[in-house]
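Now for the letters of each chain:
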Amino acid sequence: MLPRSGDVLHVTRAASVQFLRPIMFRVIRVLDWPTYDGWLWLDGYELNAAGDAVNRRSIFVLQEGLRQLQAAPAPRQHTVRTARRPVARTPVRVG
């Protein structure tokens, strides 16, 4: 599972030894920095128990060790707008 922007992940020691205390992490983006096979740099926010962002972080994790808690919402469909009515413009006197 490659994380997407908006995913909430449970990051534990299975993802990296630096996470002795598991954290919840909301992904902003997957960074394209060079890494070892199976490892990722993620940019995002550490969340508290209420789900509020408390710290912005970039973390280096093993992709297989990540567990998704909440998937990002599905992208919204683009709406097709009908033709707009032209705005009536009138001359403006200056001075």
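For the structure, see preceding data.
Rules used throughout
Sequence order as written defines the numbering, with residues in each chain counted from 1. The predicted nature of this model means local features are confined to residues of pLDDT at least 70 and side-chain atom pairs, given and counted, to a pLDDT of 80 or more, with totals for whole chains, interfaces and linings taken over all residues. Derived side-chain values reflect all non-hydrogen atoms in the structure, with water molecules and hydrogen atoms excluded from consideration. Each helix is a run of DSSP H or I of at least 4 residues and each strand a run of E of at least 2, with the numbering of both proceeding from the N terminus. All radius of gyration figures rest on C-alpha atoms, and the globule criterion is 2.2 Å times the number of residues raised to 0.38. When accessible area is computed with a 1.4 Å probe and restricted to protein chains, residues below 20% of their type maximum are described as buried, those above 50% as exposed, and intermediate ones as partly exposed. In this description, contact between two residues means that some pair of their heavy atoms is separated by no more than 4.5 Å. Accessible surface is estimated by sampling points in the Shrake-Rupley manner with a 1.4 Å probe; for residues, cover comes only from the protein chains shown. We treat Lys and Arg as the positive residues and Asp and Glu as the negative residues; His and chain ends play no part in the count. To locate a charge, take atom NZ for lysine, CZ for arginine, CG for aspartate or CD for glutamate. To qualify as a nonpolar core, a set must consist of buried Ala, Val, Leu, Ile, Met, Phe, Trp, Tyr and Cys residues joined through side-chain atoms within 4.5 Å. Any two strands with at least two DSSP-identified bridges between them are counted as paired. Whenever a helix is involved, its axis is fitted only over the stretch in contact; in every case the axis is a line through C-alpha atoms, and angles between N-to-C directions fall within 0 to 180 degrees.

**Some details on the overall build of the protein chain**
Reasoning step 1: Along the backbone of the protein chain there are zero helices and five strands.
Reasoning step 2: The secondary structure elements of the protein chain, listed N-terminal to C-terminal, are β-β-β-β-β.
Reasoning step 3: Taken over C-alpha atoms, the radius of gyration comes to 22 Å for the protein chain, far larger than the 12 Å a tight globule of 95 residues would show.
Reasoning step 4: Taken along its principal axes, the extent of the C-alpha atoms in the protein chain is 70 × 30 × 30 Å.
Reasoning step 5: Per-residue burial over the protein chain gives 26% buried out of 95 residues.
Reasoning step 6: Summarising the internal contacts of the protein chain: among those between residues at least 6 apart in sequence, 44% fall at separations of at least 24.
Reasoning step 7: Carbon and sulfur atoms make up 53% of the accessible area of the protein chain, which totals about 7600 Å².
Reasoning step 8: Across the protein chain, the mean location of the 14 positive side-chain charges is 18 Å away from that of the 7 negative side-chain charges.

**Some words on the nonpolar core**
Reasoning step 1: Membership of the largest hydrophobic core is limited to 12 residues, which are Leu-9, Val-11, Ala-15, Phe-19, Ile-23, Phe-25, Val-27, Leu-40, Leu-42, Ile-59, Val-61 and Leu-66.
Reasoning step 2: Elements with a contribution of two residues or more to this core: strand S1 (8-11), strand S2 (23-31), strand S3 (39-47) and strand S4 (53-62).
Reasoning step 3: Among the elements that line this core, the one with the most residues is S2, at three residues.
Reasoning step 4: Sequence-distant contacts of Ile-23, that is, excluding residues within four places in its chain, are made with Leu-9, His-10, Val-11, Glu-46 and Arg-57.

**Digging into the sheet that holds strand S5 (residues 66-70)**
Hydrogen bonds between backbone groups are what pair the strands of a sheet, and the pairing can be parallel or antiparallel.
Reasoning step 1: Here five strands make up an open sheet; going across it, the order is S4-S3-S2-S1-S5 and the pairing antiparallel. Whereas interior strands pair on both sides, the edge strands pair on one side only; in this sheet they are S4 and S5. With direction set aside, neighbouring strand axes in the sheet form an average angle of 45 degrees.
Reasoning step 2: Summarising the sheet, S1 and S2 pair through four bridges and their orientation is antiparallel.

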